[in-house]
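Below are the chains, spelled out letter by letter.
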Amino acid sequence: MPRARKDGAPRKGGPRRRGGAQSSIQADSGSSEDEAASEARSTTSDCPSLLSTVAEDSLGGSAVDEQGPQEDLEEKVKEYVDGLTDKSAKTRQGALESLRLALASRLLPDFLLERRLTLADALEKCLKKGKGEEQALAAAVVGLLCVQLGPGPKGEELFHSLRPLLVCVLSDSTASPAARLHCASALGLGCYVAAADVQAWALLLTICPSTHVSHILDRQLPRLPQLLSSENVNLRIAAGETIALLFELARDLEEDFIYEDMDALCSALRTLATDSSKYRAKSDRRRQRSTFRAVLHFVEGGNCEEETVRFGVEVLYVDSWARRRIYAAFKDVLGSGMHHHLQNNELLRDIFGLGPVLVLDATALKACKTSRFEKHLYNAAAFKARTKARSRMRDKRADIL
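This part takes up the overall build of the protein chain. On a plain count of helices and strands, the protein chain comes out with 18 helices and five strands. By the burial criterion, 47% of the 401 residues in the protein chain qualify as buried. For the protein chain, the exposed surface amounts to about 21,000 Å²; the carbon and sulfur share of it is 51%.

Now the structure itself:
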């Protein structure tokens, strides 16, 4: 059974318009099966992370309540910032985790701008003297600060002051894998907002000037298929999605783009799309097959599968590999706060073409609400369409085998 929403706000959809996103008043199915299908298509990274989903209570506080007053939230954040300089490593980690959750769940750009120097100094010490989880959490907070402060000069100043430390940890072979991973992600996100990890590199590809794309294609596209044989499922998926992104960029430059080793590439992608090896975890096999079916379909000349992200009364259409990579990068950082930021963060709304922040009163929200019967009809139609699609896919897989 779907969980009830705290604020009672309805989920809505709407007719699509150019630009990939718009306000909407259609019904959101809310069905658990739709959510599972969407999750299977998601390009969000599932790389191992030391970042927990529940804040540690070492400061005597709890996770930030999204419904709490702004003043209470700012007081809590002040406590978390003070905790970053504590002598106890456990207290610093708790403060970093609580700060991460606060920045992911609510917007505080003005408040953070006033304390950017204090934050930069504290995070610098965490990255320099911390180990393992503390460095990973500090890097995650740096990425969130980039999202909160946006592309302005003061935000860039903070990022540039911490960038050498992020590079240092990333280049340190003795640092923990999680710390290096989150430093790479923070660098990729910071460079994207202000202006190594395969996904961070792919994120920067989305804003690469067209004059450089041909050079990158010649050098990097022949190398990426080698990663498809990696033992790490996350690396295989990241490589596959990056291959699809490079093909998309190449076709934007040249509509009749032809890859020289196309047969070998398609064979490798098809093998991963139909992999049924029992020694792999079931969830890994399902995620891998879903991703590589989409990659193979696109590489062979098809269209990118469109994903629909509903938040409040608006809808975001993710209809290209570039947009999928950008959406996944921000979702990795913001987690469950992604929808809140899509609604209220001007930086994200500008990146995804959502327009100005919508201001809706309670009457408008109530008018958008759909009845339970309408949701039932929507769910029934979606279930029927999904069943037909899966039946066709099973028939295709049977023909291949």
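Let's pick the thread back up.
Summed over all chains, the structure comprises five aromatic pairs. Geometrically, the ring pair formed by Phe 247 and Phe 257 is edge-to-face, given 5.5 Å between the ring centres and 80 degrees between the ring planes. Here the residue Phe 247 occupies a position in helix H11 (residues 233-253), and Phe 257 occupies one in the loop between H11 and helix H12 (262-273), the gap between them amounting to 10 residues. Ring geometry for Phe 247 versus Tyr 259: centroids 5.9 Å apart, planes at 70 degrees, classification edge-to-face.

At 3.6 residues per turn, the α-helix brings residues three or four places apart onto the same side. Along its 17 residues, helix H3 (residues 89-105) runs 24 Å from first to last C-alpha, staying within 8% of the 24 Å computed at 1.5 Å per residue. Counting buried residues in H3 gives 15 out of 17 residues, a clear majority hidden from the surface. One side-chain oxygen of the residue at the start of H3 lies 3.4 Å from the amide nitrogen of Lys 90, identifying that residue as Ser 88.

This part is about the environment of Leu 246. Note on placement: Leu 246 falls in helix H11. In the structure, Leu 246 is positioned 44 residues away from Ala 202 in sequence and 8.7 Å away in space, judged by C-alpha atoms. Discounting residues that sit within four places of it in the chain, Leu 246 has contacts with Leu 205, Ile 216, Leu 217, Leu 221 and Leu 224.

The first and last C-alpha atoms of helix H2 (residues 70-83) sit 20 Å apart over 14 residues, in line with the 20 Å expected at 1.5 Å per residue. Those residues of H2 lying buried are Leu 73, Val 77, Tyr 80, Val 81 and Gly 83. Along H2, the residues classed as buried sweep out an arc of 155 degrees about the axis, all on the same side. Facing away from the buried side of H2 by more than 90 degrees, the exposed set consists of Glu 71 and Asp 82. Those residues of H2 that are buried lie in contact with H3, helix H4 (109-114) and helix H5 (116-129).

A few words on the nonpolar core. Nonpolar side chains in soluble globular proteins tend to end up buried together. Of all hydrophobic cores here, the largest spans 63 residues; its most connected members are Leu 166, Leu 316, Phe 330, Leu 342, Leu 348 and Phe 352. In terms of residue count, helix H6 (residues 133-149) provides more of this core than any other element does, 10 residues in total. Discounting residues that sit within four places of it in the chain, Leu 166 has contacts with Leu 127, Ala 139, Val 142, Phe 159, Cys 183, Ala 186 and Leu 187. In terms of nonpolar packing, the next biggest core, distinct from the first, is built from 35 residues, Ile 243, Leu 246, Leu 269 and Phe 298 among them.

Within the secondary structure, Ser 105 is located in helix H3. Only 3.0 Å separates the side chain of Ser 105 from the backbone oxygen of Leu 101, close enough to count as a polar contact.

With that settled, consider the pairing of strand E4 (residues 307-311). Most of E4 is tucked away: four of the five residues are buried. Here E4 runs beside strand E5 (residues 314-318); their pairing, made up of five bridges, is antiparallel. Looking at E5, one finds that Arg 310 is bridged to Val 315. As consecutive antiparallel partners, E4 and E5 are separated by two residues, and within that stretch Gly 312 has a phi angle of approximately 60 degrees, a positive value.

This brings us to the confidence of the model for the protein chain. Caution applies to low-pLDDT regions: their predicted coordinates should not be interpreted in detail. Averaged over the protein chain, the pLDDT score is 77; the fraction of residues at 70 or greater is 76%. Of all the helices and strands in the protein chain, strand E3 (residues 26-27) carries the lowest mean pLDDT, 38, while H12 carries the highest, 92. Considering only residues more than four positions removed or in separate chains, one finds that residues 1-67, a stretch of pLDDT under 50, has 159 contacts.

It is worth spelling out the packing of H3 against H6 at this point. Between H3 and H6, whose axes approach to 9 Å, the crossing angle comes to 25 degrees. Taken together, H3 and H6 sit at an angle that is classed as roughly parallel. Read as a crossing pair, H3 and H6 show a hand that is left-handed. Side by side, H3 and H6 meet where Ala 89, Arg 92, Gln 93, Leu 96, Glu 97, Leu 99, Arg 100, Leu 103 and Ala 104 of the first sit next to Glu 133, Glu 134, Leu 137, Ala 138, Ala 140, Val 141, Leu 144, Leu 145 and Gln 148 of the second. Grouping the constituent residues of the contact of H3 with H6 by class yields 11 nonpolar, two polar and five charged.

Okay, the pattern of salt bridges next. Within this structure, the stated rule accounts for 11 salt bridges. Between Arg 324 and Glu 307 there is a salt bridge, with the nearest N and O atoms lying 3.3 Å from each other. Residue Arg 324 is found in helix H14 (residues 321-334), and its partner Glu 307 is found in strand E4; the two are separated by 17 residues along the sequence. Overall, the relative accessible area of 10% leaves Glu 307 in the buried class.

Cut-off values and rules
Residues numbered from 1 in each chain as written. Predicted model: local features only at pLDDT ≥ 70, side-chain atom pairs only at ≥ 80, totals over all residues. Heavy atoms only, no water. Helix = DSSP H or I, 4+ residues; strand = E, 2+ residues; numbered from the N terminus. Buried < 20%, exposed > 50% of the residue type's maximum accessible area, 1.4 Å probe, protein only. Areas by Shrake-Rupley, 256 points an atom, 1.4 Å probe, with all protein chains shown as cover. Phe/Tyr/Trp six-rings, centres within 6.5 Å; stacked < 30°, edge-to-face > 60°. Expected span 1.5 Å × (residues − 1). Polar contact = N/O pair within 3.5 Å; in protein donor to acceptor, adjacent residues only side chain to side chain. Contact = heavy atoms within 4.5 Å. Arc of directions from axis to C-beta. Core = buried A, V, L, I, M, F, W, Y, C linked by side-chain atoms within 4.5 Å. Pairing = 2+ DSSP bridges. pLDDT = per-residue confidence, 0-100. Axes fitted to C-alpha atoms, helices over the stretch in contact; angles between N-to-C directions. Parallel < 35°, antiparallel > 145°, perpendicular 65-115°, else oblique. Left-handed = near helix turned anticlockwise from the far one by under 90°. Nonpolar A, V, L, I, M, F, W, Y, C, P; charged D, E, K, R; others polar. Salt bridge = Lys/Arg side-chain N within 4 Å of Asp/Glu carboxyl O.

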